[in-house]
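Residue-level structural notes
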Amino acid sequence: MAATLRPNSRKLVARQGDKLDQLLFRDAGLGPNELTRVLDANPGLADLGSILPLGTVVIVPATAATEASATRVRPLIQLWD
């Protein structure tokens, strides 16, 4: 599972008990529609099972959408005044 890190790609590391969709959402803010793209970029990742082994490196390839969302400004939400 030696995926090469391309420019603007992100490298995520699995924690204990992580599933791929959970890792992508927590660390990269990606939803389930990105799973196929990430699995294509990481050959052999699906063979590891539904719970990733601790320390598994996952490469998230950059696209125009992920670069745009990284620079997007989100509004500040205040719960109390």
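Residues numbered from 1 in each chain as written. Predicted model: local features only at pLDDT ≥ 70, side-chain atom pairs only at ≥ 80, totals over all residues. Heavy atoms only, no water.

Focus on the environment of Pro 61
Residue position: Pro 61 is located in the loop between strand S2 (57-60) and helix H3 (64-71). Distance in space between the C-alpha atoms of Pro 61 and Asn 8 is 7.4 Å, their sequence separation being 53 residues. (Helix = DSSP H or I, 4+ residues; strand = E, 2+ residues; numbered from the N terminus.)

Some details on the nonpolar core
It is characteristic of soluble globular proteins that their nonpolar side chains tend to be buried jointly. If you look at the biggest cluster of nonpolar residues, it comprises eleven residues: Leu 12, Ala 14, Leu 20, Leu 23, Leu 24, Leu 30, Val 38, Leu 45, Leu 52, Val 58 and Val 60. Mapped onto this core, the elements with two or more residues apiece are helix H1 (20-28) and S2. The biggest single contributor to this core is H1, with three residues. (Core = buried A, V, L, I, M, F, W, Y, C linked by side-chain atoms within 4.5 Å. Buried < 20%, exposed > 50% of the residue type's maximum accessible area, 1.4 Å probe, protein only.)

Things to note about the confidence of the model for the protein
Looking at the protein, pLDDT values average 84 and 80% of them are 70 or higher. Mean pLDDT values over the elements of the protein span from 54, in H3, up to 94, in S2. (pLDDT = per-residue confidence, 0-100.)

Focus on the environment of Gly 49
Counting through the fold element by element, Gly 49 comes out in the loop between helix H2 (35-41) and S2. Distance from Gly 49 to Lys 19, taken between C-alpha atoms, is 8.8 Å for residues 30 residues apart in sequence.

Brief notes about the pattern of salt bridges
This model, assessed by the stated rule, comprises three salt bridges. Between Arg 26 and Asp 18 there is a salt bridge, with its nearest N and O atoms 2.8 Å apart. You can call Arg 26 partly exposed: its relative accessible area is 31%. Of the charged contacts, one joins Arg 37 and Glu 34 as a salt bridge, the two residues approaching to 2.7 Å between their closest N and O atoms. With relative accessibility at 19%, the residue Arg 37 sits in the buried group. Exposure remark for Glu 34: the relative accessible area of 18% places this residue in the buried category. Each of Asp 18, Arg 26 and Asp 27 takes part in a single network of salt bridges with overlapping partners. (Salt bridge = Lys/Arg side-chain N within 4 Å of Asp/Glu carboxyl O.)

Some remarks on H1
Among the residues of H1, those classed as buried are Leu 20, Leu 23 and Leu 24. One side of H1 carries all its buried residues, which in axial view fall inside an arc of 95 degrees. If you follow the buried residues of H1, they end up packed against strand S1 (10-13), H2 and S2. Gly 29 lies just past H1 and shows a positive phi near 70 degrees. (Arc of directions from axis to C-beta. Contact = heavy atoms within 4.5 Å.)

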